[in-house]
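# Residue-level structural notes
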Amino acid sequence: MSDTEEPKAKKQKLSKKERKKSIGGSDDKEEKSDVPSYEERCEAINILASPLASKKSTKKAHKLVRKATQSKSLRRGVKELVKGLRKGDKGIAILAGDVFPIDVMSHLPILLEEHNIPYLFVPSKRDLGAAACTKRPTSCVLVKDKKVDKELFELLVEEAKAYDPNSKN
């Protein structure tokens with residue numbers, strides 16, 4: 001048995017050496033370059049994404065979505081968002097700007113304005129889905145209440161209302 005165990009041990013040592021050789025700085029740089037920057041994400045947005053959040057506000061919106069997911073006060077996706085609006089949920093809607101085809105969510109800004117719910121667009125549905133703790137990209141979310149993080153919630157609501165054409169009247 002000792003004869004068969006020695007070659008296995010040598011094979012394992014060789015594979016460890018190969019692993020060490022294969023791990024290098026170039027792999028890490030390639031992974032970081034795969035993640036698009038905020039500006040690159042903004043190039044892919046559709047024509048409807050008019051109140052687009054700034055880079056700083058996008059990070060704050062993702063942070064709010066993450067906290068709302070943990071406290072289970074979030075509606076994900078177009079169907080759930082519309083169902084929540086019919087039931088009378090209030091809060092802030094965060095919509096992705098790179099949804100294609102555009103007809104999937106072209107009715108949402110009008111619907112949100114009719115229900116007096118502020119909304120913001122963020123550049124990437126992939127990042128919005130990641131912030132909502134799902135593996136799938138998410139086109140829109142509705143953060144339902146102020147219990148999540150009042151300061152962050154109010155800050156984003158104020159920014160969204162600055163863009164809202166109905167609130168200026």
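Structural data are supplied above this passage.
Residues numbered from 1 in each chain as written. Predicted model: local features only at pLDDT ≥ 70, side-chain atom pairs only at ≥ 80, totals over all residues. Heavy atoms only, no water.

### Observations regarding the overall build of the protein
The following threshold applies: Helix and strand labels come from DSSP, where a helix needs a run of H or I of at least four residues and a strand needs a run of E of at least two; each type is numbered from the N terminus. Working rule for contacts: check all heavy atoms of both residues, and any pair within 4.5 Å makes them a contact. Note on areas: Shrake-Rupley, 1.4 Å probe, and residue coverage restricted to the protein chains presented here.
Summing up its helical and strand segments, the protein has 8 helices and 4 strands in all. Element order for the protein, N to C, with α for helix and β for strand: α-α-α-α-β-α-β-α-β-α-β-α. Sequence separation of at least 24 residues holds for 80% of the intrachain contacts in the protein that already meet a minimum separation of 6. Surface accessibility of the protein: about 11,400 Å² in total, with carbon and sulfur atoms responsible for 52%.

### Regarding the nonpolar core
Just so we agree on the cut-off: In this description, a nonpolar core means a group of buried Ala, Val, Leu, Ile, Met, Phe, Trp, Tyr and Cys residues linked to one another through side-chain atoms lying within 4.5 Å. Note on classification: 1.4 Å probe, protein chains only; a residue is buried when its accessible area is under 20% of the maximum for its type, exposed when over 50%, partly exposed between these limits.
V65, L108 and V143 are the most contacted members of the largest nonpolar core, which has 39 residues in total. Those elements giving two or more residues to this core turn out to be helix 4 (55-70), helix 5 (78-87), strand 2 (92-96), helix 6 (108-114), strand 3 (119-122), helix 7 (125-131), strand 4 (140-143) and helix 8 (150-163). If we skip the residues at most four places from it in the chain, V143 touches L64, V65, A68, S73, L74, K90, G91, I92, I94, V148 and F153.

### Regarding the environment of H107
By secondary structure assignment, the location of H107 is in the loop between strand 2 and helix 6. Its relative accessible area of 37% is what places H107 among the partly exposed residues.

### A few points about the sheet that holds strand 1 (residues 74-76)
Basically, it comes down to this: Strands pair, by our definition, only if DSSP identifies at least two bridges between them. To obtain each axis, a line is fitted to C-alpha atoms, and for helices this fit is confined to the stretch in contact; angles are then taken between N-to-C directions over 0 to 180 degrees.
With mixed pairing, 4 strands are arranged side by side in an open sheet as 1-4-2-3. For this open sheet the edge positions go to strand 1 and strand 3, each flanked by a neighbour on one side alone. For this sheet, the mean angle separating the axes of adjacent strands, direction not counted, is 20 degrees. Direction of pairing for strand 1 relative to strand 4: antiparallel, over a ladder of 3 bridges.

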